[in-house]
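Residues per chain, in single letters:
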Amino acid sequence: MSENSAQLTYSLPDAFAAAVRASLDDWRRDKKVSRLWGRDALLWTGSDEANWLGWLDLTKTTAEQCRELAAFADEIRHEGFTHALVLGMGGSSMCPEVLAGTFGRQPGYPALHVLDSTDPAQVKSCEERMDLAKTLFIVASKSGSTLEPNIFKQYFFERAKQAAGSATAGKHFVAITDPGSKMQRVAERDGFRKIFFGVPSVGGRYSALSNFGLVPAAVMGLDWKQLLTRAREMVCACSAEIEVERNPGLVLGTLLGVAARSGRDKVTLVSSPQVFGLGAWLEQLLAESTGKEGKALIPVDREQLAEPALYGDDRIFVYLRLASAPDPVQDGAVAALEQAGHPVVCVSLRDPYDLAAEFFRWEIATAVAGSVLAVHPFNQPDVEASKVETRNLTEAYEQAGAFPEETPLLSEGGVQLFTDAANASALAGLAGSDRSLAGYLRAHLNRIVPRDYFALLAYVEMNAAHEQRLQQIRHAVRDARRVATCLGFGPRFLHSTGQAYKGGPNTGVFLQITCDDAVDLPVPGAKYSFGVVKAAQARGDFEVLVERRRRALRVHLGTDVGAGLAVLLAAIRRVLA
């Protein structure tokens, strides 16, 4: 067991430990930590990396910025807002979601909610949870051109007009966006209460300690000064003056990068219950930063721990342990993994405010892992590919009033299967004479081999009932095939793990799930609806997957998603048995 000074311990097999020591020696010899802080793009690919390192300086807030945050939080508190709703996607919304889930509602402050789905049932469910006349809407969009925040704003601005009156609707809105963006112009035109600016040299997934994280934190009543204090402690611990073996960001990034380089690329996250939400933020940071050029750290979040013998040699486990509220069952399970010889990293948080320190530690670690893997950790080329496909499909729908027709591979019991010609041919060969739902599912799951991972891509409402069914499916596959499994709700994962699924190694077997929407919602000023946007995103996602020659199958359910998932679960259990 090795220990690092900033609450980091790890247990590694001997060969792995030797490779980590060699990599740390390389960082020391070539003064790479100084080069990172000096923004040397040659540490990665020699491209434009130097332009995206503004996050290194985010904790250097000015007195004026502090006064602005404090004044705004007081203003919102005293004006009687009962809810605050962040409208964003990816890096703009992940940090607020972690904070809301970890800290909950603070006395005397608005309850913080996050909307990052175009699923119309989820949009409607979110709307029904709050009094719109007493809700502050925080439109978070770095570029101002991202589709989802723009249509969220269009929808809720119209709803706010109805609830609070056209003259005052703008005072229910604030924007967080980069200077000069389209969203800034929209906010000025529509009389938003305030505009907070992002930092152009900070990408969305590295923006947790910027206004994208601090403004929602202040609005919900957190001690944002304490968050910054904890983050600054980690900044100092990760500085170039610290010995490499005692630099918590460097050590963690080296562990992850060396692990992936040696085939242990499934980063399996185990989180204490109170900081459970951190995993979703880490999913985005790790997958979108490293999943390119056939390489990736594949984050595995919310997978229940099992017996050590169930896991292959493609895993590295990271235990995010809250020291103030540990889970004895988790402690025992993680100890068993260590004893069985699996590589285990334990990151200890003193209390929930240490989340801010973890944001910075993991940003450094991800940049370091990107260097070890020789990839550009600040771009997301395959996310852009999906956006282009979605845009093309949406424009086609606006012109024709319908999507291009699709022919299902199978229709059975209210469930349809779709895929491309290459996957259809491969599945038909494996299914043989059994061209039923069970036959095709069996054929698809039989394509999984050791060191692969299985991913469920679910374009359905993200709620507890649906997640329970989907978790049952993923764990059934994990236990039967003994591979890592992932679960993502669309379209949010497109701005997260979607990059690694398309740009990383071709080791994923994908089951996309779509549905007919029982209720749809219009997008004001557009010819399409939320349901149409979601469908375009799902089809665009699938098209890019198959363009990348991924093993992918789409299951389309009816309007009763719960019943459809039950049918799917039963079928998968039968074929796995």
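None of the values given here were measured: they were computed from a predicted structure.

### Remarks on the overall build of the protein
Along the backbone of the protein there are 20 helices and 17 strands. In summary, the protein has a C-alpha radius of gyration of 23 Å against a globular reference of 25 Å for 577 residues, a match within 12%. Seen through its C-alpha atoms, the protein measures out along the principal axes to roughly 70 × 65 × 45 Å. Sorting the 577 residues of the protein into buried and exposed places 61% on the buried side. Pairs at least 24 residues apart make up 79% of the contacts formed inside the protein by residues separated by at least 6 positions. Side chains of the protein give 62 positive and 67 negative charges; the mean places of these two sets differ by 1 Å.

### Section: helix H7 (residues 182-189)
Listed in full, the buried residues belonging to H7 are Met-183, Gln-184, Val-186 and Ala-187. Buried residues of H7, viewed axially, fall in a sector of 165 degrees; they line one side. Turned more than 90 degrees away from the buried face of H7 sit Arg-185 and Arg-189, all of them exposed. Those residues of H7 that are buried are in contact with strand S5 (135-140), helix H6 (147-164), strand S6 (173-177) and strand S7 (194-197). For H7, the capping residue at the N-terminal end is Ser-181, with a side-chain oxygen 3.3 Å from the backbone nitrogen of Met-183. Once H7 finishes, Gly-191 follows within two positions and takes phi at roughly 70 degrees, a positive value.

### Looking at the nonpolar core
What tends to happen in soluble globular proteins is that the nonpolar side chains get buried as a cluster. Core analysis: the largest hydrophobic core is formed by 100 residues, its most contacted members being Trp-55, Trp-281, Phe-360 and Trp-362. Of all the elements, helix H13 (residues 355-373) adds the most residues to this core, at 13 residues. In contact with Phe-360, other than residues within four places in its own chain, are Trp-37, Trp-55, Leu-56, Leu-209, Met-234, Val-235 and Cys-238.

### As for the layout of surface pockets
Vacant regions in the atomic arrangement are exposed by a probe of water-molecule size rolled over the atoms. In this model, the largest pocket occupies a volume close to 910 Å³. Taken together, 38 residues form the lining of the largest pocket, with Ser-143, Thr-146, Glu-384, Lys-387 and His-495 sitting closest to its centre. Secondary structure elements with two or more residues in the lining of the largest pocket: H6, helix H11 (278-290) and helix H14 (381-400). If you tally residues by element for the lining of the largest pocket, the top one is H14, at 9 residues. Residues that form the lining of the largest pocket fall into these classes: 10 nonpolar, 18 polar and 10 charged. Counted as a void, the second largest pocket has a volume near 470 Å³.

So, how was this worked out
Residues numbered from 1 in each chain as written. Predicted model: local features only at pLDDT ≥ 70, side-chain atom pairs only at ≥ 80, totals over all residues. Heavy atoms only, no water. Helix = DSSP H or I, 4+ residues; strand = E, 2+ residues; numbered from the N terminus. Rg over C-alpha atoms; globule rule 2.2 N^0.38 Å. Buried < 20%, exposed > 50% of the residue type's maximum accessible area, 1.4 Å probe, protein only. Contact = heavy atoms within 4.5 Å. Lys, Arg positive; Asp, Glu negative; His and termini not counted. Charge placed at Lys NZ, Arg CZ, Asp CG, Glu CD. Arc of directions from axis to C-beta. Polar contact = N/O pair within 3.5 Å; in protein donor to acceptor, adjacent residues only side chain to side chain. Core = buried A, V, L, I, M, F, W, Y, C linked by side-chain atoms within 4.5 Å. 1 Å grid on protein atoms, 1.4 Å probe; cavity = no way out; pocket = protein on both sides within 12 Å on 5 of 7 lines; lining within 4 Å. Points joined across faces, edges and corners; volume = space filled by probe spheres on them. Nonpolar A, V, L, I, M, F, W, Y, C, P; charged D, E, K, R; others polar.

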